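# Inside the fold
Listed below, chain by chain, are the residues.
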Protein chains: 2
Amino acid sequence: MSTTTHAPRGLEGVVATTSKICYIDGERGVLAYRGIDIHELADNSTFEETCYLLWFGRLPSRAELRNLHERLAEERKLDGSIYHRLQLVPKHALPMDVLRTMVSTLSFFDPEEKSNDREANLHKSIRLTSQIAMIVAAYDRIRKGLEVVEPDRSLSHAANFLLMLTGKHPSQTAERALDIALILHADHELNASTFAARVTAATLSDMHSAITSAIGALKGPLHGGANEAVFHILEAIDASGADPVDYVKGMLAQKKKIPGFGHRVYHTEDPRATHLRVMSRDLGNSSGQAKWFEYSRRIEEFVKNDKKLNANVDFYSASTYHTLGIDVDLFTPIFAVSRISGWTAHVMEQLEDNRLIRPRADYIGPEYPNHYVPMDQR
Amino acid sequence: MSTTTHAPRGLEGVVATTSKICYIDGERGVLAYRGIDIHELADNSTFEETCYLLWFGRLPSRAELRNLHERLAEERKLDGSIYHRLQLVPKHALPMDVLRTMVSTLSFFDPEEKSNDREANLHKSIRLTSQIAMIVAAYDRIRKGLEVVEPDRSLSHAANFLLMLTGKHPSQTAERALDIALILHADHELNASTFAARVTAATLSDMHSAITSAIGALKGPLHGGANEAVFHILEAIDASGADPVDYVKGMLAQKKKIPGFGHRVYHTEDPRATHLRVMSRDLGNSSGQAKWFEYSRRIEEFVKNDKKLNANVDFYSASTYHTLGIDVDLFTPIFAVSRISGWTAHVMEQLEDNRLIRPRADYIGPEYPNHYVPMDQR
């Protein structure tokens, strides 16, 4: 007889695998990549260096980091037919649907499409990191009827993305703000999209399949989609002139959940929120758009006192991204621009010591045998 | 403190959810949809009726079944730009990559793209069931430089698929064989692709995201890809003139796994193999291609005696599909043509009582805190 164990709903608290990538202590509010605290990385690292750390398990030497910069910059290119396909997308399409579709399409053009070894997957990780940023920026230009901006291979990943998105070289403040946001969102252990990527990869399917799964999962409002939901609330408050606390009280009275609060893993402050709060405030002050931070701050104070819920990574990323001039429906795609680094690291780790991920269900349907009844006897 | 429990590798034997859809008894070799044994369904039902059973939880009345036939037939249509996009696919692309990409693309054109309620998802289930069959058939025609065949709305799902694939109306034997194969592959509880679909759906993402994830997972050789691997062995035996048993012994001597044998859940005969074995034999005899069944039978006998492993669903589907005139790289896409019925049923069930699926990992990487070292001190 095979034995089965009943897991809590949503696999809450179930350790599904070992991993060397991401350390989380939900009680103390600790997040670390390869053991290095997220606060130290946010203060000192860059997104490119964080990619190296996630993919190789340690910080790079100067030469290794330079090489990765060069490789990422070289891969700032898309097959011409990708632009054509972006032109074909109906204007009402959701950016996450577009990103999911284009990443799936990229498999056709990947020079190592049929290889699934570590070397090929490392190349795919680099390619997809550059390509996802380009697709998000290019699609936003195309849907607005603007010219696609050519990548600048001398720029950092964050600066090149902002250039391709806005058509202008970003300020140092904006570049660094996005760079830190990309570091903070890069990985988070077995979050739902990373888990979807690992479930897909564990059938020995390929990197593009795994990342396509991850993007589909990230889209959901219980995951990456939450940052967009947060901004819709800030917008509604701004448009109606309502007091932010009154507005949120109204939502609670209607039994609505307040997006951007609470986290399955953290039972104290989400360490990413600590940084994003400061960033939201500083960007708001320096750009003369302090109101978004102010609305957010008041909501956070109320929800924390009244509901004992902490702000999570999504809450202050909303006002941060808006102040950087990014459209609300790109907030989740930008999450993907960062998280591709962690997704790919997890896919490579899964394949190092793979086992098919295939749980069981507890059958509670019509009792077996529930016989087939011929049509004329129904 | 939150509690964690350590699960076996690959979540083997872990009950991740309750489900009313599929009953499996791995010890007795029982598979049942909504409590009805797969043998009774294979002997009496049709793919369309099985779809109804999976989606609604019971067998349909005559009027309900007629209505579903009509709805499936009406949805035999693809946006013109889908054909254009299929033309754009490079000829070397893998059919599963094409199918994954096109299903993702279909979200742009779905009239209920932004709705995720039961009614909309039922409509999407019907649409995707018709569309996936059309895409697989149309892509095969396009890559061969043949005209796409118009759907015939008077035909069954199986017959229309074979018509669109081959350009000829199928024999009754071929239609019924494919129909039974579609019934047998329609659902299998929390197999990896269905689990990927549920993980994605549980973020409250959408049906197209969930099904795109499932297709990506099905592609892997540890899952749907296994039936293609089986046929490559039969082909190699045929081309080399080797004795089938000697060939398999040679593989085992090289420590290779024999695809199509063993199953995580069944510890006795996979009940689907029972039907596919008969189908493979009968189709082989009636088409004068008995050799594929004979190779298979000899391999099965040897592996069962020598390795104590049973043939699974993939083993005889290989010779069955080949005898039906289907190209080997379409075997896994045809698995999707059937499994879409189960995937969609599981997505709808997941959403009835949803909870984010988010397990934990056991961190075994560099010890925390592993401090950030400035570049010039590395």
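See the structure shown above.
The notes below deal with the structure included here. (Residues numbered from 1 in each chain as written. Chains lettered and ligands numbered in written order. Predicted model: local features only at pLDDT ≥ 70, side-chain atom pairs only at ≥ 80, totals over all residues. Heavy atoms only, no water.)

This part is about the sheet that holds strand 6 (residues 360-363) of chain B. The strand order 1(B)-2(A)-6(B) describes an open sheet built from three strands, whose pairing is parallel. The open sheet is flanked by strand 1 (5-6) and strand 6 of chain B, the only strands paired with a single partner. (Pairing = 2+ DSSP bridges. Helix = DSSP H or I, 4+ residues; strand = E, 2+ residues; numbered from the N terminus.)

Moving on, we come to the pattern of salt bridges. With the rule as written, the count across this model stands at 63 salt bridges over all chains. Here R143 of chain A ties to D327 of chain A by a salt bridge, and the two come within 3.7 Å at their closest N and O atoms. Here R143 of chain A is found in helix 6 (residues 118-143), whereas its partner D327 of chain A is found in the loop between helix 15 (313-323) and helix 16 (331-352), with 184 residues between them in sequence. When the shortest N-O distance is used, the salt bridge between R71 of chain B and E75 of chain B registers 3.5 Å. A cluster of three or more residues bridged by salt bridges with shared partners is formed by R71, E74, E75, D110, E112 and R127 of chain A. (Salt bridge = Lys/Arg side-chain N within 4 Å of Asp/Glu carboxyl O.)

Turning to the state of the cysteines, a few remarks are in order. Covalently bonding the sulfur atom of one cysteine to the sulfur atom of another cysteine gives a disulfide. Residues and elements named next belong to chain B. Counted according to the given criterion, the structure contains zero disulfides over all chains. Between C22, a free cysteine, and C51, which holds the nearest cysteine sulfur, the sulfur-to-sulfur gap is 14 Å. The class for C22 is buried, based on a relative accessible area of 2%. (Disulfide = S-S within 2.5 Å. Buried < 20%, exposed > 50% of the residue type's maximum accessible area, 1.4 Å probe, protein only.)

The next point concerns the interface of chain B and chain A. The accessible area lost on association of the parts is a frequent measure of interface size. With 113 residues of chain B at the contact, the number on the chain A side is 113 residues. Where chain B abuts chain A, roughly 10200 Å² becomes buried across the two surfaces, and 57% of that area is made up of carbon and sulfur atoms. For the pair chain B and chain A, the number of links is 14 salt bridges. As a salt-bridge pair, E189 of chain B and R358 of chain A come within 2.6 Å of each other at their nearest N and O atoms. (Contact = heavy atoms within 4.5 Å. Buried area = accessible area lost by both parts, 1.4 Å probe.)

With that settled, consider the relation of the copies chain B and chain A. Overlaying chain B with chain A gives an RMSD of 0.0 Å, the required rotation being 180 degrees about an axis along which the chain moves by 0.0 Å. Put plainly, the chains are arranged around a two-fold axis. Considering only C-alpha atoms, the residue of chain B closest to the rotation axis is S213 of chain B, which sits at 2.1 Å. A shared interface surface links the copies, since 100% of the contact residues of chain B are contact residues in chain A too. (Least-squares fit on C-alpha atoms with pLDDT ≥ 70 in both.)

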